[in-house]
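# Per-entry structural report
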Amino acid sequence: MPLKWVFHGGVSAPHRKNTAESETSVLDIPEKVVIPMVQHIGAPCTPTVKPGDTVKVGQKIGDSEAYVSAPIHSSVSGTVTRVEPMLFAGGNLVMSVEIKTDGKQEVYEGISPPEIKNREDFLKAVRSSGLVGLGGAGFPTHVKLNPPKDKVIDCLIVNGAECEPYITSDYREMLENPDGIIEGIKLVLDYLSIPKAIMGIEDNKPKAYKLLKEKAQNDNRISVQSLRSRYPQGAEKTLVYALTGRKIPSGKLPADVGCVVLNVNTVAFIASYVKTGMPLVQRRVTVDGPVVNQPKNVLAPIGTSLQTLFDFCGGFKSTPYKVLMGGPMMGIAQYSLETSVIKNTNAILAFDKKEGDLPSEWPCIRCGRCVEACPMNLLPLEINRLVLANKIDELERYHILDCIECGSCSYSCPSKRHLVQSIRIGKDAVRRLKVNRN
Ligand code: SF4
Ligand code: SF4
């Protein structure tokens with residue numbers, strides 16, 4: 001049955017899912033990993049190891065007492081060589097743990113499946129696993145699964161849209177581990193007493209849709225829906241609307257309309273952790289882009305350098321002009337290939353100058369295309385004007401913090417205005433203004 005609800009705006013970006021049929025390859029254990037203590041939204045972790053310590057796979061190496069945070073575990077066995085601030089994917093220095101691997105991949109003795117009898121045990125287990133949203137946002141999953149008591153969740157939304165060009169990490173999970181996804185959904189429904197789950201998969205992935213629909217047919221709480229392929233279909237607000245017709249108001253979250261949204265990789269990991277007790281220490285990364293010799297999906301230990309991943313994919317055809325962590329619409333440009341894969345790295349992409357260059361801006365011709373493209377019903381041209389004029393105190397009236405940084409406005413703009421870039425700067429300024437006000 002076709003869905004009734006179609007979100008406003010968005011763009012039809014070329015899919016370029018070059019690695020869709022590439023079965024996941026397992027990376028050889030690198031000589032060293034660098035594991036940052038910031039891999040999630042929330043408080044950073046403090047290292048619990050020091051140089052000279054030996055560690056094993058799954059051993060905790062960082063944690064925080066803050067609720068909105070998630071522990072960090074070693075992805076390898078070996079010796080800790082450095083604990084100090086090191087270059088991070090965002091271009092800043094972040095406290096990190098460097099481990100020289102011993103190649104043995106010995107598993108930490110404390111690893112065993114968690115004992116879960118009730119909701120509290122389940123949430124505790126999810127926190128202990130170090131799980132954060134694996135679709136890109138990196139929000140600690142135990143926090144998402146435990147909304148304030150006045151929010152009644154009646155629907156788990158499972159995100160299999162994967163709408164951003166190039167990225168096929170979720171798609172491979174759906175093809176390679178459909179049973180794990182269904183099992184993870186059932187665990188969440190059972191322990192959190194949520195009556196139903198709806199999984200949304202874009203219609204450019206018919207194989208995954210058919211497979212998941214078959215796997216879900218024995219549980220009438222789970223439905224699988226085909227979504228139109230339109231970017232940013234997988235954003236939380238657009239996905240919730242497309243699958244339920246519920247509109248999340250400005251400044252609110254899915255829990256405010258009775259939903260919790262988890263990515264397919266996230267639910268599959270919950271099933272794996274409940275079975276094995278092995279925390280989140282590796283992830284699948286799509287390695288692609290016009291200058292990569294052999295684009296692939298690669299299962300890599302957290303902390304692997306981008307250079308190691310590109311080398312594993314045959315290196316570059318020519319020197320990359322731009323490297324992104326994440327997709328071409330929302331990814332973050334990298335300063336160095338020495339930065340590491342973290343928990344929410346779903347892709348690394350390398351581009352030549354033709355594809356990677358940011359075009360020069362021309363004056364706004366007030367054509368309104370950015371407004372048409374904005375799935376959050378914002379006025380990107382006005383926000384851009386205010387940011388450039390440094391009128392920060394006026395930005396809240398334009399709901400700048402509702403911007404999901406999808407880049408649809410910039411993509412549609414005939415004058416190539418750097419809209420999303422200026423909006424990011426504006427959001428940062430507004431947040432600082434709010435902190436100072438309080
Ligand atoms: S799309 Fe570009 S040119 Fe058109 S109104 Fe928006 S900012 Fe101006
Ligand atoms: S203003 Fe924000 S949400 Fe709207 S299209 Fe631009 S980047 Fe996306």
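Looking at an unreviewed UniProt entry, one finds the protein chain named Ion-translocating oxidoreductase complex subunit C, with Thermoclostridium stercorarium as its source organism. Regarding the protein chain, the UniProt comment filed under Sequence similarities (unreviewed entry) reads as follows: "Belongs to the 4Fe4S bacterial-type ferredoxin family. RnfC subfamily." UniProt, in its Subcellular location (unreviewed entry) section for the protein chain, records the words "Cell membrane".

It is worth spelling out the site of ligand 2 at this point. As a matter of local geometry, ligand 2 sits amid 13 residues, with Cys374, Cys403, Cys406, Gly407 and Cys409 nearest to it. For ligand 2, the cavity whose grid points lie within 2 Å of the majority of its atoms is the largest cavity. Listed by contribution, the elements that provide at least two residues to the shell around ligand 2 are helix H12 (408-412) and helix H13 (419-437). For the shell around ligand 2, a count of residues per class yields 10 nonpolar, two polar and one charged.

Across all of its chains, the model carries 33 salt bridges by this definition. In this structure, Asp154 and Arg246 form a salt bridge, with 2.8 Å as the shortest nitrogen-oxygen distance. Here Asp154 is found in the loop between helix H2 (141-144) and strand S9 (155-160), whereas its partner Arg246 is found in the loop between helix H6 (236-244) and strand S12 (259-263), with 92 residues between them in sequence. On the accessibility criterion, Asp154 (29% relative accessible area) is partly exposed. Arg397 is the partner of Glu394 in a salt bridge, and the nearest nitrogen-oxygen pair spans 3.5 Å. Judged by relative accessible area, Glu394 falls into the partly exposed class, the value being 27%. On the basis of relative accessibility, which here comes to 59%, the residue Arg397 falls in the exposed class. Members of the salt-bridge network, linked through shared partners, are Lys32, Arg82, Glu84 and Glu98.

Lining the immediate environment of ligand 1, one finds 13 residues, of which Cys364, Cys367, Gly368, Cys370 and Cys413 sit closest. Taken together, the residues of the shell around ligand 1 sort by class into eight nonpolar, two polar and three charged.

What follows covers the layout of surface pockets. For the second largest pocket, the calculated volume is near 460 Å³. Those elements that provide at least two residues to the lining of the second largest pocket are helix H7 (264-276), strand S13 (282-288) and strand S14 (296-301). Counting residues per element, the lining of the second largest pocket draws most heavily on H7, at four residues. Residues that form the lining of the second largest pocket fall into these classes: 14 nonpolar, seven polar and three charged.

What follows concerns the sheet that holds strand S3 (residues 46-47). Spatially, the three strands line up as an open sheet ordered S3-S5-S6, and their pairing is antiparallel. The sheet terminates laterally at S3 and strand S6 (72-73), the two strands that pair on one side only. The pairing of S3 with strand S5 (residues 60-63) spans two bridges and is antiparallel. The residue bridging Thr46 from the neighbouring strand is Asp63, located in S5.

The rules behind the values
Residues numbered from 1 in each chain as written. Chains lettered and ligands numbered in written order. Predicted model: local features only at pLDDT ≥ 70, side-chain atom pairs only at ≥ 80, totals over all residues. Heavy atoms only, no water. UniProt positions renumbered as here; feature names shortened; annotations may be inferred. Near = heavy atom within 4 Å. 1 Å grid on protein atoms, 1.4 Å probe; cavity = no way out; pocket = protein on both sides within 12 Å on 5 of 7 lines; lining within 4 Å. Sits in = over half its atoms within 2 Å of the grid points. Helix = DSSP H or I, 4+ residues; strand = E, 2+ residues; numbered from the N terminus. Nonpolar A, V, L, I, M, F, W, Y, C, P; charged D, E, K, R; others polar. Salt bridge = Lys/Arg side-chain N within 4 Å of Asp/Glu carboxyl O. Buried < 20%, exposed > 50% of the residue type's maximum accessible area, 1.4 Å probe, protein only. Points joined across faces, edges and corners; volume = space filled by probe spheres on them. Pairing = 2+ DSSP bridges.

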